[in-house]
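Breakdown of the fold
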Amino acid sequence: PSLPAPDVAAVAAVHRTALSHGAPGALTRIDEGPRSYHVATGEADTAAHTPMDTGRRFRVGSVSKTFTTVVLLQLVAEGKVDLDAPANRYLPEPLPDERITVRHLLSHRSGLYDYTNDMFHNTVPGFEAVRNKVFSYQELIDLSTAKPLNNAPGAAYSYSNTNFVALGAIIEHVTGTPVATHYRQRIFTPLRLRNTSYVHPRTTISGTYARGYLRQDDTTLPLVDSTEQTVSWAQSAGAVISNARDLNRFFSALLSGRLLPEEQLREMTTMVPVTADGKQSYGLGLRGRTLSCGTTVYGHTGTVQGYYTYAFTTSDGRRSMASLANTSNNGTVNTTLGATLDASFCGTDPA
Ligand SMILES: CC1(C)S[C@@H]2[C@H](NC(=O)CCCC[C@H](NC(=O)C[NH3+])C(=O)[O-])C(=O)N2[C@H]1C(=O)[O-]
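Here the structure is a predicted model, which means the values were calculated and not measured. (Residues numbered from 1 in each chain as written. Predicted model: local features only at pLDDT ≥ 70, side-chain atom pairs only at ≥ 80, totals over all residues. Heavy atoms only, no water.)

1. Regarding the sheet that holds strand β6 (residues 224–225)
Strand pairs in the sheet, formed through backbone hydrogen bonds, run parallel or antiparallel to each other. With mixed pairing, the three strands of this open sheet are ordered in space as β6-β5-β14. Two strands in the sheet have a free side with no partner beyond their single neighbour: β6 and β14 (327–328). Bridge count between strand β5 (residues 213–214) and β6: two bridges; the pairing is antiparallel. Its bridge partner being in β6, Y213 is matched across the sheet by D225. (Pairing = 2+ DSSP bridges. Helix = DSSP H or I, 4+ residues; strand = E, 2+ residues; numbered from the N terminus.)

This is the structure:
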């Protein structure tokens, strides 16, 4: 069944609300076949007063987890990794529990503690302490395993960046090749994602981009420009840079079966509810959201200092949407921005 046309006016209204809650700017791009819809609001750079535009690049945060998942599942299809094998079979140093499988890591069911809980407990000091740091995967994993597991492996969903840092370590240990090379050769180049890159540990963003602004815990203080950072605290869990067009192409290609064999795509899109109302789910490195009109979309969200991202597509990949607000540590802006999903896929103002 065809979807109602996107409600572009509703998208613009969502942006205005996000700005009223403190976002300097917002952008949304919707792609459906040859058609694209563009909404850009506010500023990409508050010092230069540069207007936002939908072509600008930005840090996508945990949307990176879906790119990492595609690489891992291609290795599964190539027979190099077994989803249900212990992760320790593929790691240079063992995790503390042999029962943790590769699938547990991909579905946030390993129980591994998320070290960012401590790292960013105090938002700006935590960020300033790591923004120019370079971590090894093992240093990040060690931060996690210094704490007990949240749950027995497989027993519960508990989101943790550690899972996708461990998956980056698995990809590099199994293949002897950096994740950056896999992203480029397996995804960016074949899909012609010319505005998508993985440049860790470089701190700068090339080309035309939106600057990111981190809100302080004392919200009466000014926003902190958090654009330049290594994102080494996240790497394969959050360090990809992209733009709306490329994210739409990526998720559309993924859900329309152009990146993975049918078996691996089916594993990835086997969703488990993660909210009581069942409207939010998680598969393997992939979020599902059932919207007010009953349509379920697939993609990922991202939160990295200065940048909130939503990137989702329909189950057949025919319509995709990417939205950005260039602030973070502002839950109201994040929740508000999520309403671009209803406007884009249901064609109505959110109820
Ligand atoms: C599950 C999430 C929300 S958190 C996870 C990952 N981002 C991070 O882990 C960064 C957390 C700190 C970010 C910082 N917040 C603080 O420092 C608060 N003290 C801010 O808002 O910029 C990502 O991206 N994921 C989001 C996702 O998947 O949507």
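2. A few points about the site of the ligand
Of all residues adjacent to the ligand, which total 19 residues, the nearest are S62, F120, T301, T303 and S328. Contacts to the ligand include T123, whose side-chain N or O atom sits 2.8 Å from a nitrogen atom. Here an oxygen atom of the ligand sits 2.5 Å away from a polar atom, N or O, in the side chain of T301. Broken down by element, the residue count for the shell around the ligand peaks at five residues, all from strand β11 (residues 296–304). Taken together, the residues of the shell around the ligand break down into five nonpolar, 13 polar and one charged. (Near = heavy atom within 4 Å. Polar contact = N/O pair within 3.5 Å; in protein donor to acceptor, adjacent residues only side chain to side chain. Nonpolar A, V, L, I, M, F, W, Y, C, P; charged D, E, K, R; others polar.)

3. Looking at unusual backbone geometry
Excluding glycine, most residues fall at negative phi; most peptide bonds, likewise, are trans. Omega for the bond connecting H200 with P201 falls within 30 degrees of zero, at 5°, which places this linkage in the cis form. Note that P201 resides in the loop between α8 (179–188) and β5. The phi dihedral of H108 falls on the positive side, at around 55°, and the residue is not glycine. When you line up the elements, H108 lands in the loop between α3 (102–106) and α4 (116–119). Here the phi dihedral of R192 falls at roughly 55°; this positive angle occurs in a residue that is not glycine. With respect to the element layout, R192 can be found in the loop between α8 and β5. For R192, a relative accessible area of 43% translates into the label partly exposed. (Buried < 20%, exposed > 50% of the residue type's maximum accessible area, 1.4 Å probe, protein only.)

4. Description of the packing of aromatic side chains
Throughout the structure, instances matching the rule amount to eight aromatic pairs. Measuring from centroid to centroid gives 5.7 Å for Y157 and Y282, while their planes differ by 45°, and the two rings are tilted. Of the two residues, Y157 is situated in the loop between α6 (137–145) and α7 (161–175) and Y282 in strand β9 (residues 280–282); the sequence distance between them amounts to 125 residues. When the ring of Y183 is compared with that of F188, the centres are 6.0 Å apart and the planes differ by 25°; the resulting orientation is stacked. Overall, F188 belongs to the buried group, its relative accessible area being 7%. An aromatic cluster is present here, built from F67, Y183, F188, Y198, F250 and F251 joined pairwise through their rings. (Phe/Tyr/Trp six-rings, centres within 6.5 Å; stacked < 30°, edge-to-face > 60°.)

5. Details of the packing of helix α2 (residues 64–77) against α7
To characterise two packed helices, one gives the angle between the axes of the helices and the distance between these axes. For the pair α2 and α7, interaxial distance at closest approach is 10 Å and the crossing angle is 40°. What the angle tells us is that α2 and α7 run oblique. The hand of the α2/α7 crossing is left-handed. In contact with K65, T68, T69, V71, L72 and L75 of α2, α7 contributes N161, F164, L167, I170, I171 and T175. Residues that form the contact of α2 with α7 fall into these classes: seven nonpolar, four polar and one charged. (Axes fitted to C-alpha atoms, helices over the stretch in contact; angles between N-to-C directions. Parallel < 35°, antiparallel > 145°, perpendicular 65-115°, else oblique. Left-handed = near helix turned anticlockwise from the far one by under 90°. Contact = heavy atoms within 4.5 Å.)

The analysis is restricted to geometry; functional conclusions fall outside its scope.
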